[in-house]
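Working through the structure, step by step
For reference, the chains in residue letters:
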Amino acid sequence: EKENYLNYGQNLLKKIINSSFDQDGFPKSRNLRQLSFYLKYLVLIREWLKESNSEIPEYINEIIFRLGNAYNFIWQSIKQPLLFNGNHESNNNEFDKYLESYGYKFNNTNNFIGGYAALKNKRFALVMDLGTSPEKKFSSNYQSGCLSFEFLYMNQKIICNSGYFQKNKHKLNDMSKSTANHSTLIIDNHSSCKIDKSKMKIENSLKILNKNYIMEKNYWSVTASHDGYNKKYGLIHQRQIEFFPEKNKFIGNDKILKKKKFKSSSFEIRFHLEPYAKVMKTQDGKSILIDIENEGWKFSAQGYTIDIETGLYFGKKNSYTENQNLFISGITQNEDQLIKWELEKIA
């Protein structure tokens, strides 16, 4: 009966692959943890087939190739867990050794895969979520962090997201899905996507309206906008992050663009830090100093109130600890608004 079982299993596997991945081989859930899971078990299945002298279907080779390139993009080229959409801290070094021992080598030359942009060199990495929210049936672990970003210097996170509390039916699971736990814009304490709390899936989704990136030796730029606040508040959020490698300086331009049925409301733009970061506000209140592993950074914003707040960090699986986040706050106005901020290395 071996042949019957093998055919049944392979047909089922093919259906799962066809329904669960986009055209680039990235999970439709946009879940980074799920990407690693799929790659591990598809590689294992392939090795079992090879060990049993069974023919390896081409679709398995193809999906492993595509997943491997995406895995290189989100892990191997950075070696830090990225806290977007259901991910938490993990170490894949042992899996990397396994892949190497069996001759699996992946390479990625793209700067954009699965709705994520990643610009990096030997010292810096900027990763940003530029993806449309997933379909409802794939959204159970989705976090409302559109246009959020993480910034790394020498493999150390300077700006991060707050991670994911994975345990279902726990109030911290619901909390960790909110926009406030990401380094992005939040309007009136509401998230950019509405989650159906009974099913823990997306009820109202969002779309990316445009996206673009530039990566040159001395200038990086990532730009995108989304409509997640349009229906309720008549607003479009557009974000551009510029980086000047020679100056060790980031400049952010967050635009709040008015559409029909505009409704004035409060807003906050948050910038989360890992738990061990130390922060201090300057006496004039115009800057915040950040100390991370004896590396000094200065955060400032033009014309808006900036402050520090204690939050919760869910980076370690199903646990939490306190962290600090910086935030810019204000009220949306009748005209389009530009909120400009800077992050600069000072020591």
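Read on for a plain summary of the structure. (Residues numbered from 1 in each chain as written. Predicted model: local features only at pLDDT ≥ 70, side-chain atom pairs only at ≥ 80, totals over all residues. Heavy atoms only, no water.)

Before going further, it helps to spend a moment on the pattern of salt bridges. Under the counting rule described, the total for this entry stands at 15 salt bridges. Between glutamate 47 and lysine 50 there is a salt bridge whose closest N-O contact spans 3.3 Å. Taken together, the residues glutamate 47 and lysine 50, both in helix 2 (residues 32–51) and three residues apart, mark about one turn of the helix. Among the residues examined, glutamate 47 registers a relative accessible area of 8% and is labelled buried. Ionic pairing is found between glutamate 309 and arginine 270, a salt bridge with its closest N-O pair at 2.6 Å. Placement of glutamate 309 in strand 17 (residues 305–313) and of arginine 270 in strand 13 (residues 266–272) is noted, with a sequence separation of 39 residues between them. On the basis of relative accessibility, which here comes to 32%, the residue glutamate 309 falls in the partly exposed class. You can call arginine 270 buried: its relative accessible area is 8%. Residues joined in a network through salt bridges with shared partners are Arg46, Glu47 and Lys50. (Salt bridge = Lys/Arg side-chain N within 4 Å of Asp/Glu carboxyl O. Helix = DSSP H or I, 4+ residues; strand = E, 2+ residues; numbered from the N terminus. Buried < 20%, exposed > 50% of the residue type's maximum accessible area, 1.4 Å probe, protein only.)

The next subject is the environment of isoleucine 16. Topologically, isoleucine 16 is positioned in helix 1 (residues 2–20). Along the sequence, isoleucine 16 and lysine 197 sit 181 residues apart, while their C-alpha atoms lie 27 Å from each other. Among all residues touching isoleucine 16, those that are not within four sequence positions of it are Phe21 and Tyr38. (Contact = heavy atoms within 4.5 Å.)

Turning our attention to the nonpolar core. Counting residues in hydrophobic clusters, the biggest one holds 49 residues, and the most contacted among them are Phe149, Phe151, Phe271, Phe299, Ile328 and Leu343. Leaving out residues up to four positions away in the same chain, phenylalanine 271 has contacts with Phe149, Ile159, Ser183, Arg239, Phe299, Gln324, Asn325, Leu326, Ile328 and Trp341. Listed in part, the 34 residues of the second largest apolar core include Leu32, Tyr59, Ile60 and Tyr104. (Core = buried A, V, L, I, M, F, W, Y, C linked by side-chain atoms within 4.5 Å.)

Turning to the packing of helix 3 (residues 58–76) against helix 4 (residues 93–101), a few remarks are in order. The angle between the axes and the distance between the axes are what describe a pair of packed helices. Between helix 3 and helix 4, the least distance of the axes is 13 Å, while the angle of their chain directions is 145°. Considering the relative orientation of helix 3 and helix 4, their crossing is left-handed. In contact with Tyr71, Trp75 and Gln76 of helix 3, helix 4 contributes Asn93, Phe95, Asp96 and Leu99. Here the residues of the contact of helix 3 with helix 4 sort into four nonpolar, two polar and one charged. (Axes fitted to C-alpha atoms, helices over the stretch in contact; angles between N-to-C directions. Left-handed = near helix turned anticlockwise from the far one by under 90°. Nonpolar A, V, L, I, M, F, W, Y, C, P; charged D, E, K, R; others polar.)

A word on the sheet that holds strand 6 (residues 185–187). In space, the four strands of this open sheet follow the order 6-13-18-17, with antiparallel pairing throughout. Unpaired on one side and paired on the other, strand 6 and strand 17 mark the two borders of the sheet. Direction aside, the axes of adjacent strands within the sheet are offset by 35° on average. Here strand 6 pairs with strand 13 via three bridges, running antiparallel. (Pairing = 2+ DSSP bridges.)

Overall, antiparallel pairing links the five strands, which are arranged 1-2-3-4-5 in an open sheet. A single partner strand is all that each edge strand has here, and the edge strands are strand 1 (112–113) and strand 5 (156–159). In this sheet, strand 3 (residues 124–129) lies alongside strand 2 (residues 116–120) in antiparallel orientation, the contact comprising five bridges. Within strand 3, the residue paired with leucine 119 across the bridge is leucine 126.

Across all of its chains, the model carries 27 aromatic pairs by this definition. Taking 5.9 Å as the distance between ring centres and 45° as the angle between the ring planes, the aromatic pair formed by phenylalanine 26 and tyrosine 116 counts as tilted. Within this pair, whereas phenylalanine 26 is found in the loop between helix 1 and helix 2, its partner tyrosine 116 is found in strand 2, the two being separated by 90 residues in sequence. Its relative accessible area of 0% is what places phenylalanine 26 among the buried residues. For tyrosine 116, a relative accessible area of 1% translates into the label buried. Between tyrosine 98 and tyrosine 102, the ring centres sit 4.8 Å apart and the planes meet at 45°, which makes this aromatic pair tilted. (Phe/Tyr/Trp six-rings, centres within 6.5 Å; stacked < 30°, edge-to-face > 60°.)

With that settled, consider helix 1. With 19 residues, helix 1 extends 27 Å from end C-alpha to end C-alpha; this agrees with the ideal 27 Å at 1.5 Å per step. Every buried residue of helix 1 is accounted for by Gln10, Leu13, Ile17 and Ser20. When helix 1 is viewed along its axis, its buried side chains cluster within an angular range of 105° and face the same direction. When the buried face of helix 1 is taken as reference, the exposed residues oriented beyond 90 degrees from it are Asn4, Tyr8, Lys15 and Asn18. Where helix 1 is buried, its residues meet helix 2 and helix 3. (Expected span 1.5 Å × (residues − 1). Arc of directions from axis to C-beta.)

Looking now at the pairing of strand 11 (residues 235–244). The element strand 11 is extensively covered by neighbouring structure, given that eight of its 10 residues are classed as buried. Of the pairings in the sheet, the one linking strand 11 to strand 12 (residues 249–258) comprises 10 bridges and is antiparallel in character. Each residue of the ladder has a partner; that of glutamine 238, found in strand 12, is lysine 255. Turn length for the strand 11-strand 12 hairpin, with the two strands adjacent in sequence and antiparallel, is four residues, and the turn residue asparagine 248 shows positive phi of about 55°.

Counted residue by residue, strand 3 has six buried out of six residues, so it is predominantly covered. Burial of the side chains of strand 3 extends over both faces: Phe124, Leu126 and Met128 are buried on one face and Ala125, Val127 and Asp129 on the other. Judged from the five bridges that link them, strand 3 and strand 4 (residues 149–153) form a sheet pairing that is antiparallel. Note that in strand 4 the partner of leucine 126 across the bridge is phenylalanine 151.

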